[in-house]
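Notes for the structure review
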Amino acid sequence: MSLEFNVLATTAAGGRRAEMRLAHQTVQTPVFMPVGTAGTVKAVTQDVLERLGAEIILGNTYHLYLRPGHEAIRRMGGLHRFMSWPHALLTDSGGFQVFSLSQLRKVTDEGVKFRSHLDGSSHFFTPEHSMDVQIALGADIAMAFDECTEYPADRKRAEESLRLTMAWARRSLDYHSAHRDEVPWREEFEGRRQSLFGIVQGGMYGDLRRESAERLVEMGFDGYAIGGLSVGEPRELTLEVISEVLPLLPKDKPRYVMGVGYPDEIEQYARMGVDMMDCVLPTRAARHGLLFTSEGRLNIKGRQYAEDQGPPDAACACMVCRRYSRAYLRHLMQAGEALSGILNSIHNLAYYLGIMERVRGSLQAARD
Ligand SMILES: [Zn+2]
């Protein structure tokens, strides 16, 4: 059995409150997934993630493949055991990082040849290889290997990119179906399987997006993602693509918008019927001193906070806001203390997870 998705309530606007049963954890949706790039959500311990109520986090296939290596992680029992995270995990396909981080890429129908951004070593990723790596890591959800179409992309380029992504989706699905039971936890969780999501691409062209969605649904994945967003396009366009694609995706399968977004965006998309989202923004911004609060963005470096004894966000009950002042957080940042990134990240994640908790509550309440 791969994932089970039980919709508990839906609203007229399309929002859904659901439970997604995965091998390691039942996840309450809509959900925001903190990004744990290299087997760690930067600056936040697994204990704290649990206290914040995170049920599912991301791992990045490209980074873990290069270091420490997927075979090493397989030998250590898979990514859950290696990083001591007994809850749900999702790994991306590696495609996005291959295209954004690596050097000297050569893309053919077969796959992508690239050089590591770490040491310049040469590697070749195919859909089959991406599946192999993700099966070795053993996340609850793996993603089909795709090419993230850049923005802007002209029609011809978007068509060509989509052709590749669709062929790779087919190959990812075929290979994954044959090998999905080779995950490191197969004996521990007998009868439960790794799930595979397809990724809708097509640039900013509505008809290509529709074609992509329809073809993926025909292939039959465990869930569907909308990729290629938040790549520099204006926000109205992001919204337009999501609105175009959502109605084409099966109502009984999870829908995941990759790489979004700001707090108001994740709330808006969740209310439209997006079940899953992820973004590095809360943790990345935190390390630069940017806090998301109920009163908007707050740059903790500001002079005005030098002797401000109030909490970062008076409306937030997180472990940081209950204990520390803006003045102290500003001081940590000014002094370059390691605790600065830790505390800022914890608050921002608490804020993001809190938004989703509220949205889930209101979707549930709007049931009748
Ligand atoms: Zn807080």
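Bringing the side chain of Asn 344 into the picture now. Tracing the sequence through the fold places Asn 344 in helix α13 (residues 338-365). On the basis of relative accessibility, which here comes to 0%, the residue Asn 344 falls in the buried class. Among all residues touching Asn 344, those that are not within four sequence positions of it are Ala 286, Gly 289, Leu 291, Ile 300, Leu 329 and Met 333.

Distances from the zinc ion to its protein donors, namely Cys 316 (SG), Cys 318 (SG), Cys 321 (SG) and His 347 (ND1), fall within the range 2.1 to 2.3 Å. Summarised as a motif, the one-chain spacing of the donors to the zinc ion is C-x1-C-x2-C-x25-H. Relative accessible area serves as the criterion here: at 15%, Cys 316 is assigned to the buried category.

This next bit is on the sheet that holds strand β8 (residues 103-107). Sheets are built from strands that pair by backbone hydrogen bonding, the pairs being arranged parallel or antiparallel. Ordered by their spatial adjacency, 3 strands build an open sheet running β8-β9-β10, and the pairing between neighbours is antiparallel. Since the sheet does not close on itself, it has two edges, and those belong to β8 and β10 (122-125), each with one partner. Ignoring strand direction, the axes of neighbouring strands in this sheet form an average angle of 15°. Bridge count for β8 against strand β9 (residues 112-115) is 3 bridges, and the pairing is antiparallel. Counted as the bridge partner of Lys 106 is Lys 113 from β9.

Where helix α8 (residues 206-219) meets helix α9 (residues 235-245), the closest approach of the two axes is 9 Å, and the angle between their N-to-C directions is 40°. Between α8 and α9, the angle is such that the two are oblique. Crossing hand, α8 versus α9: right-handed. Mapping the contact onto sequence places Gly 206, Arg 209, Arg 210 and Ala 213 in α8 and Val 241, Glu 244 and Val 245 in α9. Within the contact of α8 with α9, the residues separate by chemical class into 3 nonpolar, 1 polar and 3 charged.

Turning our eyes to something else, we now look at the pairing of strand β12 (residues 195-200). When you tally the buried positions in β12, you get 6 out of 6 residues, the bulk of the element. Taking every second residue as pointing to the same face, both faces of β12 are buried, with Ser 195, Phe 197 and Ile 199 on one and Leu 196, Gly 198 and Val 200 on the other. Two elements, strand β11 (residues 141-143) and β12, share 3 bridges in a ladder whose sense is parallel. What sits directly across from Met 143, in β12, is Phe 197. What joins β11 to β12 is helix α7 (residues 155-179), and the crossover it makes is right-handed.

The residue after Tyr 151, namely Pro 152, is reached through a cis peptide bond having omega -5°. Despite not being glycine, Ala 43 has its phi angle at roughly 75°, a positive value. When you line up the elements, Ala 43 lands in the loop between β5 (35-36) and α1 (46-51). Classification of Ala 43 as partly exposed rests on a relative accessible area of 33%.

By size, the foremost hydrophobic cluster in this structure holds 92 residues, and its most contacted members are Phe 32, Phe 221 and Met 277. The element best represented in this core is α13, accounting for 11 residues. Filtering out sequence-adjacent residues up to four positions away, Phe 32 remains in contact with Val 260, Ile 266, Met 277, Asp 278, Cys 279, Pro 282, Leu 349, Tyr 352, Leu 353 and Met 356. Within the second largest apolar cluster, 21 residues are counted, among which are Leu 3, Ala 18, Leu 90 and Met 258.

Under the domain assignment, the protein chain is made up of domain 1 (4-279) and domain 2 (281-361). Computed over C-alpha atoms only, the centres of domain 1 and domain 2 are separated by 28 Å. Facing 25 residues of domain 1, the contacting portion of domain 2 comprises 21 residues. When the buried surface of domain 1 facing domain 2 is broken down by residue, Phe 32, Leu 52 and Pro 263 rank first, second and third, together holding 26% of it. Where domain 1 meets domain 2, there are 0 salt bridges. Our count for the domain 1 to domain 2 interface comes out at 3 residue pairs in polar contact (both at pLDDT 80 or more). Looking at the side of domain 1 that touches domain 2, the elements that each hand over two or more residues are β3 (26-29), β4 (31-33), α1 and α10 (263-272). Looking at the side of domain 1 that touches domain 2 element by element, the count peaks at 5 residues for α10.

The rules we used
- Residues numbered from 1 in each chain as written.
- Predicted model: local features only at pLDDT ≥ 70, side-chain atom pairs only at ≥ 80, totals over all residues.
- Heavy atoms only, no water.
- Helix = DSSP H or I, 4+ residues; strand = E, 2+ residues; numbered from the N terminus.
- Buried < 20%, exposed > 50% of the residue type's maximum accessible area, 1.4 Å probe, protein only.
- Contact = heavy atoms within 4.5 Å.
- Donors = N, O, S within 2.8 Å, 3.2 Å for Na, K, Ca; no water.
- Pairing = 2+ DSSP bridges.
- Axes fitted to C-alpha atoms, helices over the stretch in contact; angles between N-to-C directions.
- Parallel < 35°, antiparallel > 145°, perpendicular 65-115°, else oblique.
- Left-handed = near helix turned anticlockwise from the far one by under 90°.
- Nonpolar A, V, L, I, M, F, W, Y, C, P; charged D, E, K, R; others polar.
- Right-handed = clockwise from strand over helix to strand, strands pointing away.
- Core = buried A, V, L, I, M, F, W, Y, C linked by side-chain atoms within 4.5 Å.
- Domains from an automatic or database assignment.
- Buried area = accessible area lost by both parts, 1.4 Å probe.
- Salt bridge = Lys/Arg side-chain N within 4 Å of Asp/Glu carboxyl O.
- Polar contact = N/O pair within 3.5 Å; in protein donor to acceptor, adjacent residues only side chain to side chain.

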